[in-house]
Amino acid sequence: MTDQLAPDATVVIVGAGLGGVRLAENLRTGGFEGPVVMIGAEEHPPYDRPPLSKNVLTDAAERFDLKPPDFYTDSLVELRTGEHVDSIDTAGKKVAVTRADGSSYEQSYDALALATGLLPRPFPGAEDVAGVFTIRKLEDAERLRAAAGAAKRAVVIGAGFIGCETAASLHTLGLDVTLVEPAETPLAQSVGTTIGKLVTRQHDEKGVSVRAGTGVEEILSDGGKVTGVRLSGGDVVDADIVVVGIGSTPVVDYLDGSGIELASRDVGGGIACNEVGRTSADGVYALGDVANWRDHGGAQKRVEHWNHTVEQAAVVAAALLGTDHAVTAAVPYFWSDQYDLKIQVLGWPKADDDVHVISDDGHKWVAYFSRDGMFTAVAGAGKVGAVMKMRPKLVTPTPIEDVLPD
Ligand SMILES: Cc1cc2nc3c(=O)[nH]c(=O)nc-3n(C[C@H](O)[C@H](O)[C@H](O)COP(=O)(O)OP(=O)(O)OC[C@H]3O[C@@H](n4cnc5c(N)ncnc54)[C@H](O)[C@@H]3O)c2cc1C
């Protein structure tokens, strides 16, 4: 089955973030000349999210629009910001939209792409406590930066990539930071404890207190304002601000009643898609953080990384245009900036892979991952060349023995 677009078809994109913008761009560069309408709930023109836990926190002047304003007019992409898609009628091929002023309308589509991203998980019971933050939107980062300016002590709950970056940024702003993580080390769930220990060392060196193997039982407050956290062992850590980085959930509420299939939670949830992003509904695709694509081995998987979203946008555009470029990149990649180090990961690391530290000068390091004797991934901190040069060895199956130094 193909959904190849007629030349005058209308493409509606829900979500004006990275996935939405890249899809619109790919459709135009691929030669599509019909109407492209992009509807985004945020008031801002589309911006990049990775800087929110990095430069946007540490530097008030930083802003990262995904495209210059002219892009939308020059490429005839109708950008409608501050508008929320409330529901989808897949039989009638239209979406119901509410504008910021409360008025509403319906928009018809021939093809529909869903790129609605994630919402951060709040800490249960602390949703309304002043001084408790999550980071997903520009306003979140701006509010956190403003609060950090008047704060001395911060606790970051959750040492995934965003938690680690936020701890580093708050330390850079001069705060006394405690990073709390229930797993044995930071990043343990994604890249395992060997890398987690190297990352812990980096935070230790800067004086960020890493409390791993400890959960947060309660966020403490007085008069509606945060005062600290109580750890699972009973210790209390005082804080003027608390940042919650305990994961996110796919934004799918507007799909209620649409019949569009969701992926089960045990494979990551989100919108169930095939290998090119097609959902269970005719002419409807999903991409980016919200999308759970089938990989070429038949497994469903949802990935929350920048490069992945960019690649999916190219694949969905190709599927819609009926062109051939329907494969995701051979080797997945993501990065994280913490202090002066760029951590990069190339490949398919799993938390329980064998990890071989190839070089470590006490600050910068490189490690290879293997599973069942095969090379699966490379990770490095401050070692761009050493990481990137391994790509060819990951493109084709390679025994780990062939890449380990003698
Ligand atoms: C703080 C932070 C740091 C990150 N750092 C890194 C990093 O270092 N490296 C990396 O690889 N990745 C990083 N990422 C992940 C990367 O930013 C995402 O993978 C990428 O933004 C996904 O793009 P998207 O288009 O799927 O979703 P988003 O960029 O989230 O865009 C979704 C948009 O859809 C809108 N929307 C939702 N529902 C509706 C609706 N019903 N109607 C209309 N609009 C709607 C939302 O308001 C939002 O604007 C980071 C993410 C965050 C939040």
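Definitions and limits used
- Within each chain, residues carry numbers counting from 1 in the order of the written sequence.
- In keeping with the model being predicted, local features are shown solely for residues with a pLDDT of at least 70 and side-chain atom pairs are shown and tallied solely at 80 or more, while totals for entire chains, interfaces and linings include all residues.
- Note: side-chain values were computed over all heavy atoms of the structure, leaving out hydrogens and water.
- Note on definitions: salt bridges are taken to be side-chain nitrogens of Lys or Arg within 4 Å of carboxyl oxygens of Asp or Glu.
- Every helix listed is a DSSP run of H or I at least four residues long, and every strand listed is a run of E at least two residues long, numbered separately from the N terminus.
- Only protein chains enter the area calculation, which uses a 1.4 Å probe; residues under 20% of their type maximum are buried, those over 50% are exposed, and those in between are partly exposed.
- Take the buried Ala, Val, Leu, Ile, Met, Phe, Trp, Tyr and Cys residues and link them wherever side-chain atoms come within 4.5 Å; each set so joined is a nonpolar core.
- Working rule for contacts: check all heavy atoms of both residues, and any pair within 4.5 Å makes them a contact.
- One heavy atom suffices: a residue is near a molecule or strand as soon as one of its heavy atoms comes within 4 Å of it.
- For this analysis, a polar contact is any N or O atom pair within 3.5 Å, provided that within protein one partner can donate a hydrogen and the other can accept it, and provided that sequence-adjacent residues contribute only side-chain to side-chain pairs.
- Only the protein chains shown count as cover for residues, and all accessible areas are computed by the Shrake-Rupley method using a 1.4 Å probe.
- Under the scheme applied here, ten amino acids are nonpolar (Ala, Val, Leu, Ile, Met, Phe, Trp, Tyr, Cys and Pro), four are charged (Asp, Glu, Lys and Arg), and all others, including Gly, are polar.
- Delimitation of the domains relies on an automatic or database domain assignment.

A.B. asks: Requested: an account of the pattern of salt bridges, with residues and values cited.
C.D. replies: For the coordinates displayed, the defined rule picks out 18 salt bridges. Notably, a salt bridge pairs D282 with K93, separated by 3.2 Å at the nearest N-O pair. Residue D282 is found in the loop between strand 18 (271–273) and strand 19 (284–286), and its partner K93 is found in the loop between strand 4 (84–89) and strand 5 (94–98); the two are separated by 189 residues along the sequence. Take D282: its relative accessible area is 45%, and that puts it in the partly exposed class. When the shortest N-O distance is used, the salt bridge between D140 and R143 registers 3.4 Å. Here D140 and its partner R143 are both found in helix 4 (residues 138–149), three residues apart, which amounts to about one turn of the helix. Taking relative accessible area as the criterion, D140 reaches 10% and is therefore assigned buried. Several salt bridges converge on common partners, so that one network encompasses R22, E25 and K67.

A.B. asks: Explain the nonpolar core to me, using residue names and the numbers behind them.
C.D. replies: L23, L27, I88, L112, L114 and I271 are the most contacted members of the largest nonpolar core, which has 56 residues in total. When residues in this core are grouped by element, the largest group, eight residues, is from helix 7 (residues 306–321). Other than its neighbours up to four places away in sequence, L114 contacts V14, I88, Y254, L255, I260, I271, V284, Y285, A286, L287 and V290.

A.B. asks: How would you explain the site of the ligand if you had to name every residue and give the values?
C.D. replies: If you check the shell around the ligand, you find 34 residues, and the closest are G19, E42, R49, K54 and R136. With respect to the ligand, the backbone of W306 contributes an N or O atom lying 3.1 Å from an oxygen atom. Protein coverage of the free-state accessible area of the ligand, which is 1000 Å², stands at 95%. Looking at the shell around the ligand, the elements that each hand over two or more residues are helix 1 (18–29), strand 2 (36–40), strand 4, helix 5 (161–172), helix 7 and strand 22 (333–338). The residue inventory of the shell around the ligand, partitioned by class, reads 15 nonpolar, 11 polar and eight charged. Mapping the shell around the ligand onto the domain boundaries places at least three of its residues in each of domain 1 (11–119 + 249–321) and domain 2 (122–246).

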